[in-house]
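Next come the chains, spelled out residue by residue.
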Amino acid sequence: MIVVMKVGTPTPEIDRLTGEFKDWGLEPEKIVGSYKVVIGLVGDTASLNPERIEELSPWVESVLRVEAPFKRASREYRQNESTVIAVPTPNGEVRFGETEAIVTIAGPCSVENEASIVEVAHRVKAAGAQFLRGGAYKPRTSPYAFQGHGESGLDLLEAAREATGLGIITEVMDSEDIPKIAEVADILQVGARNMQNFSLLKKIGAQPKPVFLKRGMAATIEDWLMAAEYILAAGNPNVILCERGIRTFDRRYTRNTLDLSAIPVLRSLTHLPIAIDPSHGCGWSSLVPPMAKAAIAAGADSLMIEVHPNPAKALSDGPQSLTPDAFDTLMAELAPFAELCGRSAKATQPV
Ligand code: PEP
Ligand code: MN
């Protein structure tokens, strides 16, 4: 339920109402929009009579029920305003959101060694990326496949961060690793396989770094938004949703089906920023450029793209990784698409 306050409501009045709602056993959250303040109420609101709330104060403009099961993630909860997530990086603040330039995240699937991660970092930065990706802890289908370098992989990401000033995004698989990953990463990734690892979601929601939440490979949009809701409910408002392809029957020509229709659907349902990962979404590097363009055309706020200096030798996901040269070409090609879609192409200029 949301309580919309009239323009100019004095702060002590908002605080008084907030206190009243707490006494009723609810969890009120003050949400400051561009024009109005709204008090979001989560808890057992089903039996609450909106008229009783309207009578509490002459400053209450309206009381609305949020029908969706994802309350905090819903657009209504933020008065229809899209959330902008501002992430400090050594190169300056990078902003994710519908009203911002497109943010590009690029790098290898796995962090392999210092020379290669630093080389890729320099190359993707020069092409216009703002974030370096790379897994130190890898979720692999086979227990015999390369599992990532773990803690020493984090040191390599740190070296690349120092060398380039790029922001770092890397995956958290186990909540025990959150503190050490958060020392290096500016954004924590929850992978597709962990999208419904609810204890991980609660713990990652209880720490302050923004979270990049991949869609589970067989998750509905509602499952996905409920996963985001876990993070928001635990106190972390900064969640970026990333579509990375859903399971399909074609294992040869596409690894997954990249659900670009998720972009307009999410835009209508949630205020959270939306990212697209065409690399995992398609599985083949040749499909990445057309799908990246399509993602921008469909309204994505951010792209995550795998780039490796020598894809044939990559320890994971080589077939879907672009070479740095191919990434340069793609970034140059994306700029006019971004502009055509009314997004600044700033994100495609070197930082
Ligand atoms: C990754 O980003 O390398 C990854 C493992 O992604 P996903 O969880 O989408 O498979
Ligand atoms: Mn990968």
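All values reported here derive from a predicted model rather than from experimental measurement.

Caption draft 1: Looking closely at the overall build of the protein. On a plain count of helices and strands, the protein comes out with 11 helices and 14 strands. Its C-alpha radius of gyration of 21 Å places the protein within 12% of the 20 Å reference for a compact globule of 351 residues. In terms of principal-axis extent, the alpha carbons of the protein reach across some 65 × 45 × 40 Å. Across the 351 residues that make up the protein, the buried fraction comes to 56%. Contacts in the protein between residues far apart in sequence, at least 24 positions, make up 68% of those at least 6 positions apart. Within the structure as shown, the protein displays about 14,500 Å² of accessible surface, and the carbon and sulfur contribution to it stands at 53%.

Caption draft 2: Main features of the coordination of the manganese ion (ligand 2). With distances of 2.0 to 2.3 Å, the protein atoms coordinating the manganese ion (ligand 2) are Cys109 (SG), His280 (NE2), Glu306 (OE) and Asp317 (OD). Sequence positions of the residues that donate to the manganese ion (ligand 2) give the spacing C-x170-H-x25-E-x10-D. Linking His280 in helix α9 (residues 278-282) with Glu306 in strand β14 (residues 302-306), this pair joins segments that are 26 residues apart in sequence. Each of the two residues, His280 as well as Glu306, counts as buried.

Caption draft 3: Here's a closer look at the pattern of salt bridges. In this structure the tally under the stated criterion is 22 salt bridges. Between Arg161 and Asp186 there is a salt bridge, with the nearest N and O atoms lying 2.6 Å from each other. Pair noted here: Arg161 is in helix α4 (residues 151-164) and Asp186 is in the loop between α5 (178-184) and β10 (187-190), with a separation of 25 residues, a long-range link. Among the residues examined, Asp186 registers a relative accessible area of 6% and is labelled buried.

Caption draft 4: Molecular detail of the nonpolar core. Residues Val124, Leu132, Leu213, Leu241, Ile305 and Phe327 are the most contacted members of the largest nonpolar core, which totals 68 residues. Looking at this core, the element that brings in the most residues is helix α7 (residues 221-233), giving seven residues. Those residues in contact with Phe327, other than ones at most four positions away along the chain, are Thr104, Ala106, Val124, Ala127, Ala129, Ile305, Val307 and Leu322. If you look at the next biggest cluster of nonpolar residues, it comprises 15 residues, including Leu17, Leu26, Leu56 and Val60.

Caption draft 5: View of the pairing of β10. A two-sided burial pattern is seen for β10, the buried positions comprising Ile187 and Gln189 on one face and Leu188 and Val190 on the other. As paired elements, strand β9 (residues 167-171) and β10 share three bridges and run parallel to each other. Within β10, the position partnered with Thr170 by the bridge is Leu188. Viewed along the sheet, the connection from β9 through α5 into β10 turns out right-handed. As judged from the three bridges shared by β10 and strand β11 (residues 211-214), these two strands associate in the parallel manner. Bridging across to β11, Leu188 finds its partner in Val211. Tracing the backbone out of β10, into helix α6 (residues 198-205) and back to the parallel element β11 gives a crossover that is right-handed.

Caption draft 6: Structural detail: α4. Taking 1.5 Å of rise per residue, 14 residues should cover 20 Å, and α4 covers 20 Å from first to last C-alpha, within 8% of that figure. Listed as buried for α4 are Gly153, Leu154, Leu156, Leu157, Ala159, Ala160 and Thr164. Elements that come into contact with the buried residues of α4 comprise α3 (114-127), β8 (131-133), β9 and α5. Where α4 ends, the next residue or the one after it, Gly165, has phi of about 80°, a positive value.

Caption draft 7: Structural detail: helix α8 (residues 262-269). Those residues of α8 lying buried are Ala262, Ile263, Leu266 and Arg267. Buried residues of α8 fall within an arc of 130° about the axis and therefore sit on the same side. For α8, the secondary structure elements touched by its buried residues are α7, β12 (239-243), β13 (274-276) and α10 (288-298).

What counts and what doesn't
Residues numbered from 1 in each chain as written. Chains lettered and ligands numbered in written order. Predicted model: local features only at pLDDT ≥ 70, side-chain atom pairs only at ≥ 80, totals over all residues. Heavy atoms only, no water. Helix = DSSP H or I, 4+ residues; strand = E, 2+ residues; numbered from the N terminus. Rg over C-alpha atoms; globule rule 2.2 N^0.38 Å. Buried < 20%, exposed > 50% of the residue type's maximum accessible area, 1.4 Å probe, protein only. Contact = heavy atoms within 4.5 Å. Areas by Shrake-Rupley, 256 points an atom, 1.4 Å probe, with all protein chains shown as cover. Donors = N, O, S within 2.8 Å, 3.2 Å for Na, K, Ca; no water. Salt bridge = Lys/Arg side-chain N within 4 Å of Asp/Glu carboxyl O. Core = buried A, V, L, I, M, F, W, Y, C linked by side-chain atoms within 4.5 Å. Pairing = 2+ DSSP bridges. Right-handed = clockwise from strand over helix to strand, strands pointing away. Expected span 1.5 Å × (residues − 1). Arc of directions from axis to C-beta.

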